[in-house]
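Descriptive structure summary
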Amino acid sequence: MKYLNHISFKIGLIFFVIMIDLEGFIIYFLHQNIVKERVKDEFNSLLLRGNSHRDVLEQYNDAKTIHHVAVMESKSDLIVIVLTKSKKNIISSSPLDQEMRKIVAKPIGKVTHKGKIIESDWEDKKYIASVSPFKDGYVYMFKNTSQVQQLISQMNHHFWIAGLLAFGITLVMIILLSHILTRPLINMKEATKKITKGDLSVEIPVNSKDELGQLADSIRTLAREWNHLRRERSEFLASISHELRTPLTYIKGYADIARKNSHADNGTYLNIIYEEANKLSDMIKNLFDLAKMDRNSFQIQKQNFPLLPMLEQIEHKLSPAFQNKNVTLTVRCKKNILLLADPIRFEQVIINLLDNAYKYSEPHSHIHLNVKKEEGIWKLIIKDNGKGIPKEDLPYIFERFYRVDKSRTRSLGGTGLGLAIVKEIIEAHGWEIHAYSQEGVGTTMEIWLQGGDIIEETAARR
Ligand SMILES: Nc1ncnc2c1ncn2[C@@H]1O[C@H](COP(=O)(O)OP(=O)(O)OP(=O)(O)O)[C@@H](O)[C@H]1O
Ligand SMILES: [Mg+2]
């Protein structure tokens, strides 16, 4: 019963039914035609024989010739009867039986000099018969149908053998073919089964370029991605515990010191404790954000707002820190631009990117924020001339907890979650983010906005 569900069985069955129908039809058609031809040949030869006797009798209508005709047929498997016009028996090559008499007694009807078949039912009657008229009478020819039937049954026998052979060969071919066709599918099924059980070492042995090959490719990609995700998840968990433990170690340590010596300079310790606790709560908030985004319950509320005031507000918010480090920020954006976005999330993105640009730049450097249309795409570009990102790290900076310089950025307070969050928000808006960087030269982050999300108000509308 289980076999009925196998794909090879299903494909095989469909092929088999089609092939057998086709073969059956062809064999039946051939058989019918050959039988028809064979029987027609029999009729023709009977009639020809009768006609040739008739021709002889027409030339020499004497007792000797008539006798000679009868003698000739007495040695063959045909029977000849020569009758007068009034159907009186002149001679016959063998004695007439009941069936022959019946045929002879039947009215001949219209008959030309070519003669005609007067009994053609070779399947049910005992004889087939022809009649050839001549001046003084008729030549009747008979042939026992058992001979014709035997011939046809012999032919049928051959047809049966051919049919059975065709059936057998078709069956074997289809079994082989369906196996060959479905083998790669079954292999893939086995491989994916192993993959789902966690065995990623399996190879999917399909390398063709057709749909099966493409399917195998997709499965390989899925397996790779899944493997990557699994590794990422465990790395993520390891990073989380590490990142949470470090500030906690500080908090615990300094709290302990503060607790033990109540007279000492507790202010410094409490400051450190306060900063580390802050860092922790930031990180937990970020993680919470990311978790929400992962569960797809993350929703953005898009609305239209003027872009320039929003950017200026952010600039204002960050200016104390920027001034502190003597970093200048230039914002360039047309006044009349309306952006369709979630304002809170958008601000989060810009602050994160500016924070990076600021954090990874030396004092006295410049940061540019530009909003402009390039090659038909509206772009928001944040460009710094800070330390840049090494080429080999660039592809990974959007991953969670990824930091280029683990030790140094820790001192800058980074956790490596900022860009991961930025990317999620950007993608939730249907936008794209691209990073370009050169070590020692600077970094450019480009947000490619979707066409419809930016409206340039015309003067008339205002
Ligand atoms: N403008 C930039 N210039 C140089 N390096 C950068 C820049 N932006 C990001 N990076 C590198 O990419 C890493 C990841 O950035 P991300 O914003 O995700 O983390 P972070 O800034 O370290 O921490 P967080 O943003 O969570 O406080 C950074 O650690 C830094 O090494
Ligand atoms: Mg950051």
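- Per an unreviewed UniProt entry, the chain carries the name histidine kinase and comes from Weizmannia acidilactici.
- Of the chain, the UniProt comment under Subcellular location (unreviewed entry) reads exactly: "Cell membrane".
- Per UniProt, the comment on the chain under Catalytic activity (unreviewed entry) is "ATP + protein L-histidine = ADP + protein N-phospho-L-histidine."

**Quick look at a nonpolar patch on the surface**
- Side chains of Phe15, Ile161, Leu165, Ile169, Met173, Leu177 and Leu181 sit close together on the surface and give an oily, nonpolar patch of about 620 Å² of accessible area.
- With 6 residues, helix 4 (residues 145–196) is the single largest residue contributor to the nonpolar patch.
- Position of Leu165 among the secondary structure elements: in helix 4.

**A look at the site of ligand 1**
- Surveying the vicinity of ligand 1 reveals 20 residues, the closest of which are Asn356, Tyr360, Asp384, Thr415 and Leu419.
- The contact in question runs from a nitrogen atom of ligand 1 to an N or O atom on the side chain of Asp384, over 2.9 Å.
- Counting residues per element, the ones that place at least two in the shell around ligand 1 are helix 8 (343–359) and helix 10 (418–428).
- With 4 residues, helix 8 is the single largest residue contributor to the shell around ligand 1.

**Re unusual backbone geometry**
- In this structure, Asn326 takes a positive phi of about 60 degrees despite not being glycine.
- Turning to its location among the elements, Asn326 is positioned in the loop between helix 7 (307–324) and strand 7 (328–332).
- Judged by relative accessible area, Asn326 falls into the partly exposed class, the value being 44%.
- Non-glycine residue Glu375 carries a positive phi angle of around 50 degrees.
- With respect to the helices and strands, Glu375 occurs in the loop between strand 9 (366–374) and strand 10 (377–384).
- Exposure remark for Glu375: the relative accessible area of 78% places this residue in the exposed category.

**Some words on the sheet that holds strand 5 (residues 137–144)**
- The sheet built from 5 strands is open, its strands ordered 2-1-5-4-3 with antiparallel pairing. Two strands lie at the open edges of the sheet, namely strand 2 (89–92) and strand 3 (116–119), each paired on one side alone. With direction set aside, neighbouring strand axes in the sheet form an average angle of 25 degrees.
- Looking at chain direction, strand 3 and strand 4 (residues 127–134) are connected through 3 bridges and run antiparallel. For Lys116, the partnering residue across the bridge sits in strand 4 and is Val131.
- Helix 2 (residues 63–74) contacts strand 1 (78–84), strand 2 and strand 5 of the sheet and is inclined by roughly 40 degrees relative to strand 2.
- Helix-sheet contacts for helix 3 (residues 98–105) involve strand 1, strand 3, strand 4 and strand 5, and the interaxial angle to strand 5 is about 140 degrees.

**Section: the packing of helix 5 (residues 211–260) against helix 6 (residues 266–294)**
- Look at helix 5 against helix 6: their axes get within 8 Å of each other, and the N-to-C directions meet at 160 degrees. Judged by the angle between their axes, helix 5 and helix 6 are roughly antiparallel. Seen from above, helix 5 lies across helix 6 with left-handed handedness. Within the contact between the two elements, helix 5 uses Phe236, Ile240, Glu243, Leu244, Pro247, Leu248, Tyr250, Ile251, Tyr254, Ala255, Ile257 and Ala258 and helix 6 uses Asn266, Tyr269, Ile272, Ile273, Glu276, Ala277, Leu280, Met283, Ile284 and Leu287.

About the criteria used
- Residues numbered from 1 in each chain as written.
- Chains lettered and ligands numbered in written order.
- Predicted model: local features only at pLDDT ≥ 70, side-chain atom pairs only at ≥ 80, totals over all residues.
- Heavy atoms only, no water.
- UniProt positions renumbered as here; feature names shortened; annotations may be inferred.
- Patch = residues over 30% accessible without salt bridge, like charges linked within 9 Å, V, L, I, M, F, W, Y side chains within 5 Å.
- Areas by Shrake-Rupley, 256 points an atom, 1.4 Å probe, with all protein chains shown as cover.
- Salt bridge = Lys/Arg side-chain N within 4 Å of Asp/Glu carboxyl O.
- Helix = DSSP H or I, 4+ residues; strand = E, 2+ residues; numbered from the N terminus.
- Near = heavy atom within 4 Å.
- Polar contact = N/O pair within 3.5 Å; in protein donor to acceptor, adjacent residues only side chain to side chain.
- Buried < 20%, exposed > 50% of the residue type's maximum accessible area, 1.4 Å probe, protein only.
- Pairing = 2+ DSSP bridges.
- Axes fitted to C-alpha atoms, helices over the stretch in contact; angles between N-to-C directions.
- Contact = heavy atoms within 4.5 Å.
- Parallel < 35°, antiparallel > 145°, perpendicular 65-115°, else oblique.
- Left-handed = near helix turned anticlockwise from the far one by under 90°.

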